[in-house]
Amino acid sequence: MLSRKGIFAGDDPFEIARQWLKSAEATEVNDPNAIAMATVDSDGLPNVRMVLLKDIADDAFVFFTNYESAKGQEIESSGKAAFVMHWKSLRRQVRVRGLVTRESDAASDAYYTSRALGSRIGAWASKQSRPLASKTALMEAVAKAGLKHGPNPKRPPFWGGYRITPLEIEFWADGEFRLHDRFKWTRATVTEAWTIERLNP
């Protein structure tokens, strides 16, 4: 049986990820929930950008964005994504590859409502990833959106959450002389049991 002790111990990879993130919240200076998320375009060319992870659910990793953005279009096309969450303060990282589906309308509405008013208006005003003439043009769009949607705007139909349901999760921790500890959890489908193996550094 594969021996996993200390920070790697446990039978639920989502709970291990939550515990690692909780530890990072006490040590990282900014945005411990930041992830570098990768998608591919229609030509198979990778794209990567920083996104804020908003929830580690019992079966998925959740973030929110504009569905019409570059990442949204690429996700809608492929239904797949990968990300890495790296904490320099802990010298650890979590890598995830999996299938992506939209979050429920109810959950997207709830998160949208919890955001600051400026962020809610900004979601209406920004045509994310598309060309912008100037910062002035953006601020004018924000002002117009504020007047149009008022102090209690509804969630834009083009904005909401995505759930990344993993087929692979890797937990990595720094080791002396670059002899890192790596444990990879894999499954062929989202309904199968996990297989765990230790990887070479």
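Residues numbered from 1 in each chain as written. Predicted model: local features only at pLDDT ≥ 70, side-chain atom pairs only at ≥ 80, totals over all residues. Heavy atoms only, no water.

To keep it simple, the criterion reads: UniProt positions are given in the numbering used here, feature names are shortened, and annotations may be inferred rather than shown by experiment.
Under the annotation held in an unreviewed UniProt entry, the protein chain carries the name Pyridoxine/pyridoxamine 5'-phosphate oxidase and is attributed to Celeribacter baekdonensis. Taken directly from UniProt, the Sequence similarities (unreviewed entry) text for the protein chain runs: "Belongs to the pyridoxamine 5'-phosphate oxidase family." The UniProt entry for the protein chain carries the following text under Subunit (unreviewed entry): "Homodimer."

## Concerning the nonpolar core
The condition is simple: Joining through side-chain atoms within 4.5 Å is the link that ties buried Ala, Val, Leu, Ile, Met, Phe, Trp, Tyr and Cys residues into a set, and such a set is a nonpolar core. Accessibility here uses a 1.4 Å probe with only protein chains present; expressed as a share of the type maximum, an area under 20% marks a residue as buried, one over 50% as exposed, and anything in between as partly exposed. Under the DSSP-based scheme used, a helix requires at least four consecutive residues in state H or I and a strand at least two consecutive residues in state E, with every element numbered from the N terminus.
Core analysis: the biggest nonpolar cluster contains 31 residues, and Met 37, Phe 61, Phe 83, Trp 87, Ile 164 and Phe 171 have the highest contact counts within it. Listed by contribution, the elements that provide at least two residues to this core are helix 1 (13–25), strand 1 (34–40), strand 2 (46–56), strand 3 (61–66), strand 4 (80–87), strand 5 (92–102), strand 6 (159–173) and strand 7 (181–186). Of all the elements, helix 1 adds the most residues to this core, at 6 residues. Counting 6 residues, the second largest nonpolar core, distinct from the first, contains Phe 64, Ala 123, Phe 158 and Trp 159.

## A word on unusual backbone geometry
Positive phi, close to 45°, is recorded for Asp 31, a residue that is not glycine. Position of Asp 31 among the secondary structure elements: in the loop between helix 1 and strand 1. The backbone of Phe 177 sits at a positive phi, close to 60°, despite the residue not being glycine. With respect to the helices and strands, the residue Phe 177 is situated in the loop between strand 6 and strand 7. Overall, Phe 177 belongs to the exposed group, its relative accessible area being 69%.

## Examining the pairing of strand 4
Strand residues, when the strand is regular, have side chains that alternate between the two faces of the sheet. Just so we agree on the cut-off: Strand pairing is assigned whenever DSSP detects at least two bridges linking the two strands.
Here strand 4 shows one buried face, formed by Ala 81, Phe 83, Met 85 and Trp 87, and one open face, formed by Lys 80, Ala 82, Val 84 and His 86. Sheet topology note: the strand 1/strand 4 ladder contains 3 bridges and is antiparallel. If you follow Ala 38 over to strand 4, its bridge partner there is Ala 82. Taking the residues between adjacent antiparallel strands as the criterion, strand 4 and strand 5 are bridged by 4 residues, where Arg 91 takes a positive phi near 55°.

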